[in-house]
Amino acid sequence: YSWWSHECIEWMRSTWPCTCFAKYFPLHMIKTVDLPTQVPVVEKGNPEITTKKQNYLFLYHPHGVIGIGAIGALMTNGCNFRQVFPGIRR
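Residues numbered from 1 in each chain as written. Predicted model: local features only at pLDDT ≥ 70, side-chain atom pairs only at ≥ 80, totals over all residues. Heavy atoms only, no water.

Visitor: For the confidence of the model for the chain, give the residues involved together with the corresponding values.
Guide: Looking at the chain as a whole, the pLDDT averages 79, with 93% of positions reaching at least 70. Ranking the elements of the chain by mean pLDDT puts strand S2 (residues 49-53) last, at 79, and helix H4 (residues 81-84) first, at 84. (pLDDT = per-residue confidence, 0-100. Helix = DSSP H or I, 4+ residues; strand = E, 2+ residues; numbered from the N terminus.)

So, in structure tokens, the structure goes:
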């Protein structure tokens, strides 16, 4: 792996400090809707339907010290982000 590759960063998110961090605080990730990773697109002048990668923006409020929940839930794999949202690449 190169240092800043996606695989290396995903490995770092799964290390024991990250999982212990999420287990220390009572963090839970609750999925309310399925998020598709590909969306159908119809381009102007082309009658065929193609697919395009879908981007998402995860927002968290409140910020400040209470933002530790966002770190544990979204920046680490301590709350099983990969299993809850399969195919979504951070």
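Next comes the rest of the write-up.
Visitor: Any chance you could break down the pattern of salt bridges for me, citing the residues and the numbers?
Guide: Any two side chains of opposite charge can pair, so long as their charged atoms come close to each other. Across all of its chains, the model carries three salt bridges by this definition. In this structure, Arg 13 engages Glu 10 in a salt bridge whose closest nitrogen and oxygen atoms are separated by 2.7 Å. Here Arg 13 pairs with Glu 10, and both are found in helix H1 (residues 6-13), just three residues apart, close to one helical turn. Each member of the pair Arg 13 and Glu 10 is classed as buried. Between Lys 31 and Asp 34 there is a salt bridge; the shortest N-O distance is 3.0 Å. (Salt bridge = Lys/Arg side-chain N within 4 Å of Asp/Glu carboxyl O. Buried < 20%, exposed > 50% of the residue type's maximum accessible area, 1.4 Å probe, protein only.)

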